[in-house]
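Breakdown of the fold
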Amino acid sequence: MKSVALVLALSVCAAAHAQHQHHHPAPAPTPVPPAARTFTVPDVEVQTQSGETRHFYRDLVQGRVVAMNFVFTSCTTVCPTMGVTFARVQKMLAERGSGAALISVSIDPATDTPQRLAAWSQRFGAQPGWTLVTGNKTDINELLKALGLFTADPAAHTPVVIVANEAEGRWERVDGLAKPMSIVEAIERVAGKTK
């Protein structure tokens, strides 16, 4: 199975790298900051809310600026809040002319069929550009483990948004319960539109 190595680095790491000058002698090696991690993201097959089969990495993430959250449709606590937040984020991004895409990954693929995801997305007014995905439980678990978000009990999951500019290798984690503007600002940071 094809996998792609990606680096998740918080904006502090990206800013430090941007200040590096290639004209000076190489500095002594610095330890990798604890906030930086290397992930191998599997290019697993997923099904969208419209029932289409896609490859997670190459069809949804590669070469794009994306924000990903992790939800399940039977959740009655944080997931509806994250759905409302993503709907607001999508509206704000459209107003700003952003081409960033939103992805919601089901953490309960055994229950979340494409039909359930479609109903959930309609509940929040999802527009084109917000893709919800489910898939084979083994594949989804592999994806969640690769992103450091796997939990055996979906109800115990941590609300997280991962924002990525895959083409430039910039990734950032945001609190999944953050205000919509905080997520938009993270998207703009990784897109290179703000500092």
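Residues numbered from 1 in each chain as written. Predicted model: local features only at pLDDT ≥ 70, side-chain atom pairs only at ≥ 80, totals over all residues. Heavy atoms only, no water.

Remarks on the packing of aromatic side chains
Applying the stated rule across the entire model yields two aromatic pairs. With a centroid separation of 5.7 Å and an interplanar angle of 70°, the aromatic rings of Phe86 and Trp130 are classed as edge-to-face. Of this pair, Phe86 sits in helix α3 (residues 78-95) while Trp130 sits in strand β7 (residues 130-134), and the two are 44 residues apart along the sequence. In this structure, Phe86 and Trp130 share a single accessibility class: buried. (Phe/Tyr/Trp six-rings, centres within 6.5 Å; stacked < 30°, edge-to-face > 60°. Helix = DSSP H or I, 4+ residues; strand = E, 2+ residues; numbered from the N terminus. Buried < 20%, exposed > 50% of the residue type's maximum accessible area, 1.4 Å probe, protein only.)

Regarding the pairing of β7
Each regular strand displays side chains that alternate between the two surfaces of the sheet. Counting buried residues along β7, five of its five residues qualify, which places the element largely inside the surrounding structure. Here β7 shows two buried faces, one formed by Trp130, Leu132 and Thr134 and the other by Thr131 and Val133. Across two bridges, strand β3 (residues 45-48) lies against β7 in antiparallel orientation. Counted as the bridge partner of Gln47 is Thr134 from β7. With four bridges joining them, strand β6 (residues 101-106) and β7 adopt parallel strand pairing. Paired with Ser104 across the strands is Leu132, a residue of β7. Read as a crossover between parallel neighbours, the route from β6 over helix α4 (residues 114-123) to β7 is right-handed. (Pairing = 2+ DSSP bridges. Right-handed = clockwise from strand over helix to strand, strands pointing away.)

Section: the confidence of the model for the protein chain
With 79% of its residues at a pLDDT of at least 70, the protein chain reaches an overall mean of 83. Ignoring residues within four places in sequence, the model shows residues 1-38, a span with pLDDT below 50, making 45 contacts including any to other chains. (pLDDT = per-residue confidence, 0-100. Contact = heavy atoms within 4.5 Å.)

With respect to the packing of α3 against helix α6 (residues 180-191)
It is at 9 Å that the axes of α3 and α6 come closest, and there the two elements cross at 55°. By the angle class used here, α3 and α6 are oblique. The two elements α3 and α6 cross, and the hand of that crossing is right-handed. Listed contacts from α6 to Thr85, Arg88, Val89, Met92 and Leu93 of α3 are Pro180, Met181, Ile183, Val184 and Ile187. Across the contact of α3 with α6, the residue classes tally to eight nonpolar, one polar and one charged. (Axes fitted to C-alpha atoms, helices over the stretch in contact; angles between N-to-C directions. Parallel < 35°, antiparallel > 145°, perpendicular 65-115°, else oblique. Left-handed = near helix turned anticlockwise from the far one by under 90°. Nonpolar A, V, L, I, M, F, W, Y, C, P; charged D, E, K, R; others polar.)

Some remarks on the sheet that holds strand β4 (residues 53-55)
With mixed pairing, the seven strands of this open sheet are ordered in space as β4-β3-β7-β6-β5-β8-β9. Looking at strand neighbours, the two that pair on one side only are β4 and β9 (170-175), the edges of this open sheet. Strand-to-strand twist of the sheet, defined as the mean angle between neighbouring strand axes without regard to direction, takes the value 30°. In terms of strand pairing, strand β5 (residues 65-71) meets strand β8 (residues 160-165) through five bridges, oriented antiparallel. Residue pairing across strands places Met68 opposite Ile162, the latter belonging to β8. Across the sheet, α4 lies against β3, β5, β6 and β7, angled at about 150° from β7, the strand it touches most.

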